[in-house]
Amino acid sequence: MNPPSPTPDDFSFLPLEFVPYPPLPAQTTPTPIQTPPAPALALPNSNAAFLSFPIPKKRRRGRPQKNQNSFHLPHFFPPNGAQNKQQQKPVPDISEEIIVINKESTNEALIGLSAGFPADSLTDEEIDARLVANIGGIEQVNYILIRNHIIAKWRENVNVWVTKEMFLDSVPEHCHGLLDSAYNYLVSHGYINFGVSQSIKERFPSEYTKSNVIVVGAGMAGLSAARQLMRLGFKVTVLEGRKRAGGRVYTMRMEGGAANRVSASVDLGGSVLTGTLGNPLGILARQLGCWMHKVRDKCPLYSVGGRPVDLDMDMKVETAFNGLLDKASRLRQLMGDVSVDVSLGAALETFRQVHEDAVNKEEINLFNWHCANLEYANAGLLSKLSLAFWDQDDPYDMGGDHCFLPGGNGRLVQALAENVPILYEKTVHTIRYGSDGVQVIAGSQVFEGDMVLCTVPLGVLKNGSIKFIPELPQRKLDGIKRLGYGLLNKVAMLFPCVFWETDLDTFGHLTDDTSSRGEFFLFYSYATVAGGPILIALVAGEAAHKFESMPPTDAVTKVIQILKGIYEPQGITVPEPVQTVCTRWGSDPFTLGSYSNVAVGASGDDYDILAESVGDGRLFFAGEATNRRYPATMHGAFLSGLREAANMIRYAGTRASRMKVNRTPSKNTHTCASLLADLFREPDIEFGSFSVIFGRKNPDLKSTAILKVTFNEPRKKSQEGSRPDQQHSNELLFQQLQSHFNQQQPVHVYTLLSKQQALELREVRGGDEMRMNYLCEKLGVKLIGRKGLGPTADSLIASIKAERGGHKTPATSLGLRSGMSKLQKVTLKRKLVRRAKIVRSSNKYVPPLKLSMVNVKVSEEIQTTNHAPPEMNSTGCVDNFMYKLTIWFQILFSITPLGARQMSTYFLYRFDISIPVKWRTHTPLQMLLSVSFPGQHNGEAVPLNHHPRSCPQADCGVEKGSSQRRIYEIAQLNRAMMERRCYDVSAGQGEIWF
């Protein structure tokens, strides 16, 4: 039977995350070193009363904390009566008025707070999303009110899809823009309308038409990201190495017994929902109609011999232990940065030794038990935990009770995996990523996509089980190395009956050996939630590592001896278990451990570093070790998946916009070309062959800029004599392109990018070749002609020109400088194309323009040059024109990855060149060798069917100095270019022309 629906006072409907405010200055307990919060909005009545909000510390999760710290929420919003009074005051401009949506703004602020949003300021993500025009003003206050109202509305019934139209009546019309911003942000980032309810399932599209995404790992992070992406229309494929989903969340069905058959479900991995006030897994449970069992506070401890520990002594040692943690907090504040290199264990041991003479053996054993409990909470040895940052996530702990989910957390996994395309037993060993997409290799299978999300545990990354090509940035590699990754193991035992107390969920056992203090130190009773009599014994700290090599029979024997020592003196018989399971998470190749912690030398920043995407939005990372606020938790992994889904959606949208811009020809070509040439005479940034212009009044580093790359400087022929099999790179491409236009007119190619990317490009060392490699490989942009920039660039050019006003550039436009009008330019272009067609139709001599007449600039600018006597080859064709055509082949075949059919169609249209039909299905290189020109064998096409590698130059059958021979030689130089994918410069739009 399901429990009754919660009331607002229960706070069981609170949303995703919980971010408490720092304690009041008067609090005596020192706070850990934290990153300063975002500046709060200064509002009237700053000394108003505070609302107390108790938060239990997750770090003591093995045993419920009796004395809870109280965090406080400032009265950001005025009292209900004050709201009404404020509403009655006449305000001339309604845009400068704080709106009133309802009378429960304070309660909604608490809900927004538990969702991870500060009460009176924006998160960094909201600021980056530019949801409000002015930070810190009335508009921000109204946005926060609307945002909190939307979240609270959905939490009232998480089984209903909340639409924007539901708020049109309650939100004033002049704030509907803020409503749009808040609603779209909350939906795309997974703060509302997420989960497994029927209303959300109905929102999944019938066809997935957006980017192709590969998710590595079907754990909580991978499943939450996959579902979010699928709902928004992305094509998702999940690769999982195991035969099941869930990763470190694993619910196993145990059964046994002959006469009296018993069975139960037990969580061998993640088991406790640590806090339910804002826990998204609690929301999933509500959507599934599952009730949650609170882990009760009662947790008796038993001494080595099985005797119950005196309650007064227990409380005394626990208070002393917490006092030592407080002293450690004060110590790290006094030590400053030095504390980063000191372990928490060293500090506690130093303090303990000071009072060693004043404690007895029983108290030492109790102290060791609390140390083991702390090692369980962090899955790491105290001697390896950072004194400075071991508890850096404590202020963000979820509020509320710690709970078990009846039937196991596998129910959540099963619901999340429903209808998600998961390929099991696909062990990924290589991930390739670049500007054109990603490749994920599992065994002999290669999976290709636009983006990849890696959700493997930190232990797998530390082990190097997956090879990344190219290698991950050193910053991320260092973060992976610094963060700690610990171990926790379990022994699950199914008994024929319950022989322990039924009014408790946990009990502990002491040991007199410090090195084994974590061995079976805590027991969980699953009898109330598993459907059968199950006990779980935990193994933490150093004992967890030793447990990996302990025979299972020996481990079970030790546990049974402990249980008999506790219950047989009470006259209770401990039966033999009907089934037992021992975990080996440290030996599992898909985990190699349990969960992360902040080791000595690390900090909370390393979680953020692990969360950073790589390859300009191609490779993403999620998992508990990428969540700074909620590491080492199931909900932390789940939330990281939603976070990365939002990031992938943003990058996919940016790329789609960029492609749309690249494919949309400009409708104002002549005007914008002239303006662009004018603006680039005084670029904002200039380095090497690169120059950048942008709006100077816009300080946003993400604002759009225009980059121009100029190819016009002589280059040394550094590639001559290289081995035929030498790997070609963008450096070679850059040098070849430069060398072919040596002493010719410059080539200008462009692209749109952000101001931040332009600044990063400027800092690249190694010259223009390295910058070109960074631009194409790292940033993933494509260089295009002026016409390919599209209307977005036109509007940007116009705005920059308007911003600079009537400022005169040193020179006029190129067209005016050359003394040519726009009509003259167009006429000249037509004449040049006509000359090409005349050559095609006749063998007669046609006076051509000199080679210097060729202008391959992307813009509409042409310079006049003098004529010179032409050269003719043996076939009577104009050799000068054919040499120009050779340059065309060099550009197109080196830079543009066009297929054979595209190339044949393009050249037939562009130059009226005959290409035999039988050759049009060949590769671009083969087709190049088949090109023939008029005037040969009565106009019939004669293919040059000798392969460049197999045919000596003397025997190739092509006359030296002829046009065909030159094309043939260029084909030899570019054979490697044809065998790999290259980048578009200006293909298919005619930006490069005679």
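Residues numbered from 1 in each chain as written. Predicted model: local features only at pLDDT ≥ 70, side-chain atom pairs only at ≥ 80, totals over all residues. Heavy atoms only, no water.

**Student:** Mind showing me how you'd approach the confidence of the model for the protein here?
**Tutor:** In low-pLDDT segments, the atomic positions of the prediction should not be examined closely. When pLDDT is averaged along the protein, the result is 75; 66% of the residues meet or exceed 70. Low pLDDT, under 50, characterises residues 807–956; the stretch is placed with 279 contacts to residues that sit more than four places away or in other chains. Counting contacts from residues 975–994, a segment whose pLDDT is below 50, to residues more than four positions away or on other chains yields 84 contacts. (pLDDT = per-residue confidence, 0-100. Contact = heavy atoms within 4.5 Å.)

**Student:** Any chance you could explain the sheet that holds strand β20 (residues 519–525) here in plain terms?
**Tutor:** The strands that make up a sheet are held in pairs by hydrogen bonds between backbone atoms, and each pair lies either parallel or antiparallel. Judged by pairing direction, the sheet is mixed, and its 6 strands sit side by side in the order β9-β19-β20-β21-β18-β22 without closing on themselves. Single-partner strands in this sheet number two, and they are β9 (301–302) and β22 (579–582). Its contacts with the sheet put helix α11 (residues 361–378) on β9, β19 (506–509), β20 and β21 (534–539), and the angle it makes with β20 is roughly 70°. With respect to the sheet, helix α16 (residues 552–567) is in contact with β9, β18 (489–494), β19, β20, β21 and β22, its orientation differing from that of β20 by roughly 70°. (Pairing = 2+ DSSP bridges. Helix = DSSP H or I, 4+ residues; strand = E, 2+ residues; numbered from the N terminus. Axes fitted to C-alpha atoms, helices over the stretch in contact; angles between N-to-C directions.)

**Student:** Before we go on, may I ask you to explain the pairing of strand β26 (residues 690–694) in this structure?
**Tutor:** Regular strands have side chains that alternate between both faces of the sheet. In terms of burial, β26 is a largely internal element, 5 of the 5 residues being buried. Side chains Phe 690, Val 692 and Phe 694 of β26 all project onto a buried face; the interleaved residues Ser 691 and Ile 693 project onto the opposite face, where all are buried too. Where strand β25 (residues 685–687) lies against β26, 3 bridges are found, and the strand directions are antiparallel. Looking at the pairing, Ile 685 lines up with Val 692 of β26. Connecting β25 to the next strand, β26, in antiparallel fashion are 2 residues, including Gly 688 with a positive phi near 60°. Of the strand pairs in this sheet, β26 and strand β27 (residues 704–711) are connected by 5 bridges, and their pairing is antiparallel. Among the inter-strand pairings, Ile 693 is bridged to a residue of β27, identified as Ile 706. (Buried < 20%, exposed > 50% of the residue type's maximum accessible area, 1.4 Å probe, protein only.)

**Student:** What is the right way to read the packing of helix α7 (residues 220–231) against helix α12 (residues 410–417) from this model?
**Tutor:** For any two helices packed against each other, one specifies the crossing angle of their axes together with the interaxial distance. Direction vectors running N to C along α7 and α12 enclose 35°, while the axes themselves pass 9 Å from each other. For the element pair α7 and α12, the recorded crossing hand is left-handed. Seen from α7, the contacting residues are Met 220, Leu 223 and Arg 227; seen from α12, they are Leu 412, Val 413, Ala 415, Leu 416 and Ala 417. (Left-handed = near helix turned anticlockwise from the far one by under 90°.)

**Student:** Got a minute to help me understand the pattern of salt bridges in this structure?
**Tutor:** Side chains that differ in charge, positive against negative, can pair when their charged atoms come close. This model, assessed by the stated rule, comprises 27 salt bridges. Here Arg 475 makes a salt bridge to Glu 612, at a shortest N to O gap of 2.7 Å. With Arg 475 in helix α14 (residues 474–482) and Glu 612 in the loop between α17 (605–611) and β24 (619–621), the pair connects residues that are 137 residues apart, well separated along the chain. In this structure Arg 475 comes out as partly exposed when scored by relative accessible area, which is 48%. Three or more residues joined by partner-sharing salt bridges are found here, namely Asp 605, Asp 608 and Arg 628. (Salt bridge = Lys/Arg side-chain N within 4 Å of Asp/Glu carboxyl O.)

**Student:** Where do I start with the nonpolar core in this structure?
**Tutor:** Soluble globular proteins tend to bury their nonpolar side chains together. Grouped together as the largest cluster of nonpolar side chains are 80 residues, with contacts concentrated most on Tyr 143, Ile 146, Ile 150, Met 220 and Val 236. Aside from chain neighbours lying at most four places away, what touches Met 220 is Gly 246, Val 249, Leu 281, Leu 412, Val 413, Leu 416, Met 634, Ala 637 and Phe 638. (Core = buried A, V, L, I, M, F, W, Y, C linked by side-chain atoms within 4.5 Å.)

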